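Chain by chain, the residues:
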Amino acid sequence: VLHHTPKGPKYVFLFLFTDVLLVAKQIRSRQYKYNRTLPLEPLKFELVAANDDNKFAFRILNGAEELLMYTTTEGERRAWLDAFPNARKLHKGMHF
């Protein structure tokens, strides 16, 4: 996905697990540089209304921090927004 930062848009890779979201950037084919780990529980995910600048955007809210992400299609955006609550449900249903 494309992450809108104060320095401009940057491509990032999101790795979603049942309890965390990892953010990384690709440095080579199948090699990634770790950026950060975000626990899923406090995160909120919001659809961003479409306009000419952000047709397929969504927002990840982490307290006061906001991460604005863009996908290339509506289907990809919908898949991410559906995946976040599904990961939480899976995590709550796991027994350790």
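As the structure is a prediction and not an experimental result, all values here were calculated from the model.

## Digging into the layout of surface pockets
Approximately 300 Å³ is the volume attributed to the largest pocket. If you trace the largest pocket, you find 15 residues lining it, with His-3, Thr-5, Val-12, Val-23 and Asn-35 closest to the centre. For the lining of the largest pocket, the element with the most residues is strand β5 (residues 31–39), which contributes four residues. Here the lining of the largest pocket is composed, by residue class, of seven nonpolar, three polar and five charged.

## A short note on the pairing of strand β2 (residues 8–11)
Sheet analysis places strand β1 (residues 2–5) next to β2, joined by four bridges and oriented antiparallel. Paired with Thr-5 across the strands is Gly-8, a residue of β2. Counted along the chain from β1 to the antiparallel partner β2, the turn is two residues long.

## Concerning the confidence of the model for the protein
If pLDDT is low for a region, its predicted coordinates should not be looked at in detail. Taken over all residues, the pLDDT of the protein has a mean of 91, while the share at 70 or more is 98%. Averaged pLDDT values over the elements of the protein bottom out at 89 in β1 and peak at 96 in strand β3 (residues 13–16).

## Considerations on the packing of aromatic side chains
This model, assessed by the stated rule, comprises five aromatic pairs. Members of the aromatic cluster, each reached through a chain of ring pairs, are Phe-45, Phe-58, Trp-80 and Phe-84.

## Comments concerning the nonpolar core
Counting 17 residues, the largest nonpolar core has Leu-14, Phe-58, Ile-60, Met-69 and Phe-84 as the members making the most contacts within it. Those elements that provide at least two residues to this core are β4 (20–28), β7 (57–62), β8 (65–70) and α1 (74–93). With four residues, α1 is the largest single contributor of residues to this core. Among residues more than four places away in sequence, those in contact with Met-69 are Val-1, Leu-2, His-3, Val-12, Leu-14, Phe-56, Ala-57, Phe-58 and Ile-60.

## Focus on the sheet that holds β1
Read across the sheet, five strands follow the order β2-β1-β8-β7-β6 without closing on themselves; strand pairing throughout is antiparallel. The strands lining the two open edges of the sheet, one partner per strand, are β2 and β6 (44–47). Direction aside, the axes of adjacent strands within the sheet are offset by 30° on average. The strands touched by α1 are β6 and β7; relative to β6, the strand with the most contacts, the crossing angle is about 155°.

## Looking at the side chain of His-3
Inspection of the secondary structure puts His-3 in strand β1. Not counting residues up to four positions away in its chain, the partners in contact with His-3 are Gly-8, Pro-9, Lys-10, Val-12, Leu-67, Leu-68 and Met-69.

Rules used throughout
Residues numbered from 1 in each chain as written. Predicted model: local features only at pLDDT ≥ 70, side-chain atom pairs only at ≥ 80, totals over all residues. Heavy atoms only, no water. 1 Å grid on protein atoms, 1.4 Å probe; cavity = no way out; pocket = protein on both sides within 12 Å on 5 of 7 lines; lining within 4 Å. Points joined across faces, edges and corners; volume = space filled by probe spheres on them. Helix = DSSP H or I, 4+ residues; strand = E, 2+ residues; numbered from the N terminus. Nonpolar A, V, L, I, M, F, W, Y, C, P; charged D, E, K, R; others polar. Pairing = 2+ DSSP bridges. pLDDT = per-residue confidence, 0-100. Phe/Tyr/Trp six-rings, centres within 6.5 Å; stacked < 30°, edge-to-face > 60°. Core = buried A, V, L, I, M, F, W, Y, C linked by side-chain atoms within 4.5 Å. Buried < 20%, exposed > 50% of the residue type's maximum accessible area, 1.4 Å probe, protein only. Contact = heavy atoms within 4.5 Å. Axes fitted to C-alpha atoms, helices over the stretch in contact; angles between N-to-C directions.

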